[in-house]
Structure formats: C-alpha cells, structure tokens
Amino acid sequence: MSTDVAVAARDHGRTRRYSIIESSVTTLPVEPLLASWDSSESPSQRRLAEYKATIRALVAERLAAIDGAAGLRLVVGGNRSARGDLDNFLTPVADSLRDPRIASYAAVRRPGQESIIEIGRAVPAPPLAEAAWSFAVARTTTSSDREAWKAEVAAGVGVHRCSTGLGPIEMEIGFAVGPHRSWTNLWKPAIDALGGVLGLTDARPWHPRDDRIDALALHRAVDPALGNAVELGIWWREHGTSAA
C-alpha cells in the first residue's frame, strides 16, 4: 500500500496517548546507555547492570508516590544524543523498573544539554493537530517473535513520501494489548516494521532508518478483549513540514 498524502483515518481504536503531569526532573549522574545484546559476562552488560541500578535508585521513590498510571521521559543529551536509537535508550530504563503502572515512555535527543529523567502521572493527552501529523493503525494476531508480525504492522502502516527523506522525524506509538502482554518487548519489532515511514538502510525489509527519530513516545493501553492480539496506532511528523 502506498500513499502520497497524510493518512486520512483518525480512528485510534483502542490505542491511547498520554501526557506527563505533576512531574519531577532529575539530572542523570551518568551518561544514558543503550540496550546491549552481548553475553551476560561482557563488560557492556556489567556497565548496563550498574546503570539500571542507578535508574532504579533515582526513580523508585517518586514512582512509588504516584497514584495511578505513570509516565517517564528521558532526555538524551551530551555526546550520547547523536549515537543510538531512542528505543534502545528507553529499553534499559524500562527493564530496570519493570513497573506495570508506567503507561508511557518517551525519549528525546538534546545535543549540548545535560541528560535528565522525568517522571510523573500519566493522563490522556489532547488530540494532535491533524494538519501536522500523519496517523496509521495496524493490528497483529501472530506471535511478535515471527516475521509475520512485522509484516502485519508494515501492511497496516503502508509506504509514505517521508520514507525517501533523510530529515528528523518525531513519532509516537500506541500499543493496545491484553492484560498479560509484555508490551515493552513489542517496541523493537514494531519500529523494525516502519520502513514505510522511516525508509530503509538497505534492501533488507526490517532495517529502517530509525536513527531519524529524534523524539519518540511509546504508550500502552490495556484491553482484555484483545487476548493475544495487538493494536498499534502510529503518529509521525517530519520536523518543519506537515507532509506524510
């Protein structure tokens, strides 16, 4: 499926977006680290374990005081901001907390600024301006471990003009899942399937130019009726344009 205009469908289905209110902000005493798939005994994994402990210590008290759903925002500043995909910065944070009350994780690049972590209450966000943002929805029924899951997402999203560009993209993804689904495990395969928005690094289908994303928000909504199915709402915009 291909389109040269902003996505017309605005039925967000079961997906939701959140804003963070009543938040507290803490400067990170260490540089943000990326997720690592090295062996458990590798130096990178040892550094990552220490980093996760730091995150827990910074956030745990504030998180415990929040009544209801929570949201977390990571500002990736300094030299780290130019390297690494934002979902890979958020994954260690989510792994360190593993708190089902966190319904929204966000990350943004801020070169030249200090890195901070913000946490507060998550509340439903106001609608995005339709003239500035494009939107697509996808539904999956297969296992997220299979390539077919990515294919379902890619088919729902389609191919858009911005996939031929190189400029930065702001993106939000809403995941509607059943109550027992580990939604953070869906972040990577979902973004891998967005070559129709981000473009591809080469001819391989699941290698998007996700380094174009300079602001990312990931949201969760729970619906027991979904079972093992997943609904995704994807919002995006190119900075400085309103084109899809």
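Criteria and thresholds
Residues numbered from 1 in each chain as written. Predicted model: local features only at pLDDT ≥ 70, side-chain atom pairs only at ≥ 80, totals over all residues. Heavy atoms only, no water. Core = buried A, V, L, I, M, F, W, Y, C linked by side-chain atoms within 4.5 Å. Buried < 20%, exposed > 50% of the residue type's maximum accessible area, 1.4 Å probe, protein only. Helix = DSSP H or I, 4+ residues; strand = E, 2+ residues; numbered from the N terminus. Contact = heavy atoms within 4.5 Å. Phe/Tyr/Trp six-rings, centres within 6.5 Å; stacked < 30°, edge-to-face > 60°. Lys NZ or Arg CZ within 6 Å of the ring centre and 35° of its normal. Salt bridge = Lys/Arg side-chain N within 4 Å of Asp/Glu carboxyl O. Arc of directions from axis to C-beta. Axes fitted to C-alpha atoms, helices over the stretch in contact; angles between N-to-C directions. Parallel < 35°, antiparallel > 145°, perpendicular 65-115°, else oblique. Left-handed = near helix turned anticlockwise from the far one by under 90°.

Peer 1: Explain the nonpolar core here, please?
Peer 2: In globular proteins that are soluble, nonpolar side chains generally tend to be buried together. Core analysis: the largest hydrophobic core is formed by 50 residues, its most contacted members being V93, Y105, M171, I173, F175 and L232. Considering every element that reaches this core, the biggest residue donor is helix α2 (residues 86-97), with 6 residues. Excluding residues within four positions of it along the chain, F175 makes contact with T15, W183, L186, W187, A190, L218, H219, R220, A221, E231 and L232.

Peer 1: Before we go on, may I ask you to explain the environment of P111 in this structure?
Peer 2: Residue placement: P111 occurs in the loop between β3 (102-110) and β4 (116-124). Sequence separation of P111 and G78 is 33 residues, and the distance between their C-alpha atoms is 5.3 Å.

Peer 1: Before we go on, may I ask you to explain the packing of aromatic side chains in this structure?
Peer 2: Two measures describe an aromatic ring pair: the distance that separates the ring centres and the angle between the ring planes. One pass over the full model with this rule turns up 5 aromatic pairs. Note on Y105 and W183: the rings are 6.1 Å apart at their centroids and 40° apart in plane angle, and the pair reads as tilted. Of the two residues, Y105 sits in strand β3 while W183 sits in the loop between β6 (169-177) and α4 (187-192), which places them 78 residues apart along the sequence. You can call Y105 buried: its relative accessible area is 2%. Ring centres of Y105 and W187 lie 5.3 Å apart, and the angle between their planes is 65°; on these two criteria the pair is classed as edge-to-face. Taken together, the residues span a long stretch of sequence, with Y105 in strand β3 and W187 in helix α4 at a distance of 82 residues. One cation-aromatic arrangement involves R17 over W235; the distance from NZ or CZ to the ring centre is 6.0 Å. Between the NZ or CZ atom of K188 and the centre of the ring of W37, over which it lies, the distance is 5.8 Å.

Peer 1: I tried to follow the pattern of salt bridges on my own but got confused; where do I start?
Peer 2: Should the charged atoms of two oppositely charged side chains come close, the side chains can pair. Scanning the model with the defined rule gives 13 salt bridges in all. In this structure, the salt-bridge partner of E231 is R139, at a minimum N-O distance of 2.9 Å. Linking E231 in strand β8 (residues 230-238) with R139 in strand β5 (residues 134-140), this pair joins segments that are 92 residues apart in sequence. Classification of R139 as partly exposed rests on a relative accessible area of 42%. Ionic pairing is found between R212 and E238, a salt bridge with its closest N-O pair at 3.8 Å. Highlighted residues: R212 in the loop between α5 (195-198) and β7 (213-222) and E238 in strand β8, separated in sequence by 26 residues. Here R212 matches E238 in class, with each residue buried.

Peer 1: Help me out: how do you make sense of helix α3 (residues 147-157) in this one?
Peer 2: The periodicity of an α-helix, 3.6 residues per turn, causes residues three or four places apart in sequence to face the same way. Among all positions of α3, only W149, K150, V153 and V157 are buried. The buried side chains of α3 occupy one side of the element, clustering within an arc of 95° when seen end-on. Exposed side chains of α3 directed beyond 90 degrees from the buried face belong to E147 and A155. Packing partners of the buried residues in α3 comprise β5, α4, α5 and β8. G158 sits one or two residues past α3 and shows a positive phi near 80°.

Peer 1: Just to check I follow, could you spell out the packing of helix α1 (residues 43-65) against α2 for this structure?
Peer 2: The relative placement of two packed helices is expressed as an angle between their axes plus a distance between the axes. Axis separation between α1 and α2 bottoms out at 9 Å; the angle between their running directions is 65°. In terms of axis orientation, α1 runs roughly perpendicular to α2. When you trace α1 past α2, the crossing you get is right-handed. Taken together, the residues of α2 that come into contact with α1 (itself represented by L48, Y51, K52, I55, R56 and V59) are P92, V93, D95, S96 and L97.

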